[in-house]
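The chain contents come next:
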Amino acid sequence: MRLIVMGPPGVGKGSLASNLTKHYNIPHISTGAMFREEIQKASPVGKLVQAQINAGKFVNDSLTNDIVRERLLAKDVKNGFLLDGYPRNLRQAEDFEHILMQYGWKVDFVIYLDSNENILLKRITGRRVCKKCGETYHIENHKPQVDGICDKCGSPLVQREDDTVEITKRRLVIYHEQTQPIIDFYKARKNFLCIDGNGTIEEVTERVINKLEGIK
Ligand code: AMP
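Residues numbered from 1 in each chain as written. Predicted model: local features only at pLDDT ≥ 70, side-chain atom pairs only at ≥ 80, totals over all residues. Heavy atoms only, no water.

Topic: the sheet that holds strand E7 (residues 157-158)
Formally: The pairing criterion for strands is at least two bridges between them, as found by DSSP. Helix numbering and strand numbering both begin at the N terminus, where a helix is a DSSP run of H or I of at least 4 residues and a strand a DSSP run of E of at least 2.
Pairing is antiparallel across the open sheet formed by 3 strands, whose spatial order is E6-E5-E7. Two strands in the sheet have a free side with no partner beyond their single neighbour: strand E6 (136-138) and E7. Note: strand E5 (residues 127-130) against E7, 2 bridges, orientation antiparallel. Within the sheet, the bridge partner assigned to valine 129 lies in E7 and is valine 158.

Given below as structure tokens:
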């Protein structure tokens, strides 16, 4: 199964992706998580992208396409993959078409999660992520069993630097300018699914799986 999960920042792409990848036993490929990992390692790529990410801006397209192309060469993608946060603008969507063609693959479904902006702001500013494994939580809707500690790996939970109100508002503006147009790019296709992203993670996951299984 090859999936793309799209939607505005804070809509719950990461949590949905985490559930779907477990369900379908495919790797979760998040460009944001890959960049954060590079930043944490203080690698040359990390140093290059840190300022843009912390300011809520996009990383440059060719660097982003390159890390996706390379990630898709790994063995674990043989049963498929779930892309989260990529493609993020028209240029990336077009380049990704070439990557798919080059690898002889087709995407099974493009899942677009929709939600209203006030909910998004609340979700993002209350989001906490595990410093080590990247698992996401929320201070109200998805609390860890022990306050401030990741259920999965026991590491501390932190707030992402780009999850403040001010930077989130900027990310939403960039999303509307750059990412919204690719919804139209995919909308015309049969494999495009628009899903209501409101509700708990479990409800949204069930909604998506029902839709995927119903169509399959
Ligand atoms: P995310 O974890 O998907 O919210 O991404 C966090 C940040 O990483 C974004 O605000 C961008 O700065 C950067 N980023 C992630 N994916 C992309 C992408 N496909 N293109 C450009 N920048 C990206």
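Don't stop here, the text continues.
Topic: the domain arrangement of the protein
Here is the rule we go by: For the domains described, the bounds stem from an automatic or database domain assignment. We call two residues in contact when some of their heavy atoms are within 4.5 Å. Accessible area that two parts lose when put together, with a 1.4 Å probe and added across both, is what the buried area reports. A pair is scored as a salt bridge if a Lys or Arg side-chain nitrogen falls within 4 Å of a carboxyl oxygen belonging to Asp or Glu. Polar contact criterion, stated in full: a pair of N or O atoms within 3.5 Å, where within protein one must be able to donate a hydrogen and the other to accept it, and residues adjacent in sequence count only if both atoms are side-chain atoms. In the scheme used here, Gly and all other residues not listed as nonpolar or charged are polar, with Ala, Val, Leu, Ile, Met, Phe, Trp, Tyr, Cys and Pro taken as nonpolar and Asp, Glu, Lys and Arg as charged.
With domains assigned, the protein is organised as domain 1 (2-116 + 167-204) and domain 2 (127-162). On a C-alpha basis, the centroid separation for the pair domain 1 and domain 2 is 21 Å. Each partner contributes residues to the interface: domain 1 has 10 residues there, and domain 2 has 8 residues. Interface of domain 1 and domain 2: buried area, both sides summed, is about 830 Å²; carbon and sulfur atoms make up 35% of it. Where domain 1 meets domain 2, there are 1 salt bridge. The interface formed by domain 1 and domain 2 includes 3 residue pairs in polar contact (both at pLDDT 80 or more). For the side of domain 1 that touches domain 2, the leading source of residues is helix H7 (residues 165-187), giving 3 residues. Residue classes in the side of domain 1 that touches domain 2 are distributed as 3 nonpolar, 5 polar and 2 charged.

Quick word on the pairing of strand E1 (residues 2-6)
As a reminder of what qualifies: Partly exposed describes any residue whose relative accessible area lies between the buried limit of under 20% and the exposed limit of over 50%, with all areas from a 1.4 Å probe on protein chains only and scaled to the type maximum.
Counting buried residues along E1, 5 of its 5 residues qualify, which places the element largely inside the surrounding structure. The alternating pattern of E1 places Arg2, Ile4 and Met6 on one face and Leu3 and Val5 on the opposite face, and all of these are buried. Bridge count between E1 and strand E3 (residues 81-84): 4 bridges; the pairing is parallel. For valine 5, the partnering residue across the bridge sits in E3 and is aspartate 84.

Considering the site of the ligand
Short version of the rule: Throughout, the term near means that a residue has one or more heavy atoms lying within 4 Å of the molecule or strand in question. We get accessible surface area from the Shrake-Rupley algorithm with a probe of 1.4 Å; when it comes to residues, only the shown protein chains can shield them.
The immediate surroundings of the ligand are formed by 16 residues, with Thr31, Arg36, Lys57, Gly85 and Gln92 found nearest. One of the side-chain N or O atoms of threonine 31 is found 2.7 Å from a nitrogen atom in the ligand. Taking 480 Å² as the accessible area of the ligand by itself, protein coverage stands at 96%. Of the residues forming the shell around the ligand, the biggest block, 4 residues, is contributed by helix H2 (residues 31-41). A class-by-class count of the residues in the shell around the ligand yields 5 nonpolar, 5 polar and 6 charged.

Structural notes on the packing of aromatic side chains
Selection rule: Each pair of aromatic rings taken from Phe, Tyr and Trp, with Trp reduced to its six-membered ring, is defined by centres within 6.5 Å and is described as stacked if the planes are under 30 degrees apart, edge-to-face if over 60, and tilted in the remaining cases.
The final tally for this structure, using the stated rule, is 5 aromatic pairs. For the pair tyrosine 103 and tryptophan 105, a centre-to-centre distance of 5.0 Å together with 75 degrees between the ring planes defines the contact as edge-to-face. Aromatic side chains tyrosine 112 and phenylalanine 192 sit 6.2 Å apart centroid to centroid with 20 degrees between the ring planes, which places their arrangement in the stacked category. Of this pair, tyrosine 112 sits in strand E4 (residues 109-114) while phenylalanine 192 sits in strand E8 (residues 192-196); the two residues are 80 residues apart in sequence, bridging distant segments of the chain. Ring pairs connect the aromatic residues Phe81, Tyr103 and Trp105, which therefore count as one cluster.

What to know about the pattern of salt bridges
Under the counting rule described, the total for this entry stands at 12 salt bridges. A network of salt bridges, in which partner residues are shared, links Arg127, Arg160, Asp162, Asp163 and Arg171.

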